[in-house]
Amino acid sequence: MSTTTVVSDPTSPLEQHNISRVFWRYAIPSIAAMLVNGVYQIADGIFIGHYIGSVGLAAIGMAWPVIYVIAGLGLMIGMGSGSLISIARGARSSGQQASQILWHALALMLTMGVLGAGFLLLFANDLVLLQGADSATLAMAQAYIFPFIWGAPITILAAAMPILIRNDEQPKLATILMIVGASLNIVLDYVLIGVYGLGLQGAAVATIIAQSCVCLLGLGYFTLRSTALLPLQQAQFSYKLLGQISLLGSSSLVMYLYTSFVFALHNRLFMEYGGTITVGAFAIVGYLMALYYLIAEGIGEGVQPPASYFYGANMQAKIRQLMTLATKVVIGVGIGWMLLLNGMPEIMIGLFNSDDATLVAEAKTGIRLHLFAMFLDGFIVLATMYFMAVNQGSKALAISVANMLIQLPFLFLLPQYLGLTGVWLALPISTVLLSCVVMPLVWRDLHRNQSVINKVQACTQAH
């Protein structure tokens, strides 16, 4: 770690306020933005569950692992470039460097949008079939995926734009942007699904239109408003900078790939050991878990800008205080949500479907077995964001990859001995084991960083 002395900037809100105020200043808008962003998929699930039923839920549950890959590309670019922008500011680098990062991020988004569209066109059907889809489920999944083929660049831009705006020290504006998009999505879901009966295709079109609104407003912010990231006229292309953005944000992409892969594998096993009803129940359980997962991810993304700033400014003690507070919040919220779901499962499941008794019973089983360790999964998300924020992309990537790989043996072995119960239990058991490794890893890194700063201060006082 660099021990370069950095001149403090007393005008920055990050240095004017205590850690608690800094944390909540970024965490609350970020959590709100993530929850609002989650409305895109959750609103689709609510309308589809009530208007179409378990088959529709199963179809969208099989389509989402495919679409998630595209959204993950946007998050990768947003988090990677956002972290670099905050680090540059913390190190008091010139505004031109931030402009260069933004230009490269935009170019990368458009490139990945074209590649993402090609990916969906070539592989989407096969990926749905690999999950065990029958003819009815496949047809509905195809109807949902098709609009995202031409809308892939929009999905990527919409995922990244609020992150970039937040790292331009406008967290409230980023949240407002997401609220506008989510509100439009809900209205369009009702119109296209409930009124016109367009089913899953209507849900996808509603999402794309709402994301387009987010993209236009976000691009308008950077082109029409005078911000710290402007001017952008003197950008110089750099493959190295593209690589930095991609590497630093790669753990976010891997998290989405992990989610896609694990959901797809679960869908396959649930079709094999259960059926369409079980896959529909898994979709409901996934939506309920996503509500907490989005909060955990929002906390992690809220920690990223100040942590990156403190890292660039060599303020290690503040990073440690920030992570301690964030960990308490992530774990506390996770435990509270788990207790709430187990205390009133019928009410929570009823958000998506309350008419199908078999579906409700299966979803209750999933809540009890599948979600008991989700608060630890939230900490793993936070740990990944921490290492990304302090420019240790390789560790963040390793955690994300391990989070995916550790589940494979459990998904292979447990169903053979426990049947359907084994499929439900694979995720929480693997999460418990991985957290036993990640927690000491984060603690040692924070402790080592604090030791470095203490030694530097001692040497300075001695001289």
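The structure displayed is predicted, hence computed values, not measured ones.

Tell me what's going on with the overall build of the protein, and back it up with residues and numbers.
For the protein, the helix and strand inventory stands at 17 helices and 0 strands. Residues counted as buried form 58% of the 463 residues belonging to the protein. When contacts within the protein are restricted to residue pairs at least 6 apart in sequence, those whose partners lie at least 24 apart make up 85%.

So what's going on with helix α7 (residues 171-195)? Residues and values would help.
The terminal C-alpha atoms of α7 lie 35 Å apart, and with 25 residues this matches the ideal 36 Å at 1.5 Å per residue to within 8%. Taken together, the buried positions of α7 are occupied by Pro 171, Ala 174, Thr 175, Leu 177, Met 178, Gly 181, Ala 182, Asn 185, Leu 188, Asp 189, Leu 192 and Ile 193. Of the residues one or two after α7, Gly 197 is the one with positive phi, at around 65°.

Quick rundown of the nonpolar core? Include the residues and the values.
Within the largest apolar cluster, 153 residues are counted, with the highest numbers of intra-cluster contacts made by Ile 77, Met 109, Tyr 144, Ile 299, Val 303 and Val 442. Among residues more than four places away in sequence, those in contact with Met 109 are Ile 77, Ile 156, Leu 157, Ala 160 and Leu 164.

Run through the environment of Gly 274, naming residues and quoting values.
The residue Gly 274 is located in the loop between α9 (239-273) and α10 (276-312) in this model. Overall, the relative accessible area of 42% leaves Gly 274 in the partly exposed class. Sequence separation between Gly 274 and Leu 420 is 146 residues, and the spatial gap between their C-alpha atoms is 6.8 Å.

Would you mind going over the packing of α9 against α10 in detail, with residue names and values included?
Taken N-terminus to C-terminus, the directions of α9 and α10 make an angle of 160°; their axes are 9 Å apart at the nearest point. Classified by the interaxial angle, the pair formed by α9 and α10 is roughly antiparallel. Here the hand of the crossing between α9 and α10 comes out right-handed. Of the residues in α10, those in contact with Met 255, Tyr 256, Tyr 258, Thr 259, Phe 263, His 266, Asn 267, Phe 270 and Met 271 of α9 are Thr 276, Thr 278, Val 279, Phe 282, Gly 286, Tyr 293 and Glu 297. For the contact of α9 with α10, the class distribution of residues is 9 nonpolar, 6 polar and 1 charged.

Please provide a residue-by-residue account of the packing of aromatic side chains, values included.
Using the criterion set out here, one finds 14 aromatic pairs in the structure. When the ring of Phe 47 is compared with that of Tyr 51, the centres are 6.3 Å apart and the planes differ by 10°; the resulting orientation is stacked. Linking Phe 47 with Tyr 51, this pair stays in helix α2 (residues 19-51), spanning 4 residues, or about one helical turn. On the basis of relative accessibility, which here comes to 15%, the residue Phe 47 falls in the buried class.

Explain the pattern of salt bridges to me, and be specific about the residues and the numbers.
Note on pairing: side chains with opposite charge can pair once their charged atoms come close. Under the counting rule described, the total for this entry stands at 2 salt bridges. Here Lys 364 ties to Glu 346 by a salt bridge, and the two come within 2.8 Å at their closest N and O atoms. Remark: Glu 346 occurs in helix α12 (residues 345-350) and Lys 364 occurs in helix α13 (residues 357-370); sequence separation between them is 18 residues. Among the residues examined, Lys 364 registers a relative accessible area of 31% and is labelled partly exposed. The closest approach of N and O atoms between Lys 395 and Asp 445, which form a salt bridge, is 3.3 Å. Pair noted here: Lys 395 is in helix α15 (residues 393-405) and Asp 445 is in helix α17 (residues 420-462), with a separation of 50 residues, a long-range link. Accessibility expressed as a relative area gives 25% for Lys 395, which makes it partly exposed.

Criteria and thresholds
Residues numbered from 1 in each chain as written. Predicted model: local features only at pLDDT ≥ 70, side-chain atom pairs only at ≥ 80, totals over all residues. Heavy atoms only, no water. Helix = DSSP H or I, 4+ residues; strand = E, 2+ residues; numbered from the N terminus. Buried < 20%, exposed > 50% of the residue type's maximum accessible area, 1.4 Å probe, protein only. Contact = heavy atoms within 4.5 Å. Expected span 1.5 Å × (residues − 1). Core = buried A, V, L, I, M, F, W, Y, C linked by side-chain atoms within 4.5 Å. Axes fitted to C-alpha atoms, helices over the stretch in contact; angles between N-to-C directions. Parallel < 35°, antiparallel > 145°, perpendicular 65-115°, else oblique. Left-handed = near helix turned anticlockwise from the far one by under 90°. Nonpolar A, V, L, I, M, F, W, Y, C, P; charged D, E, K, R; others polar. Phe/Tyr/Trp six-rings, centres within 6.5 Å; stacked < 30°, edge-to-face > 60°. Salt bridge = Lys/Arg side-chain N within 4 Å of Asp/Glu carboxyl O.

By themselves, these are just geometric observations and shouldn't be taken as functional.
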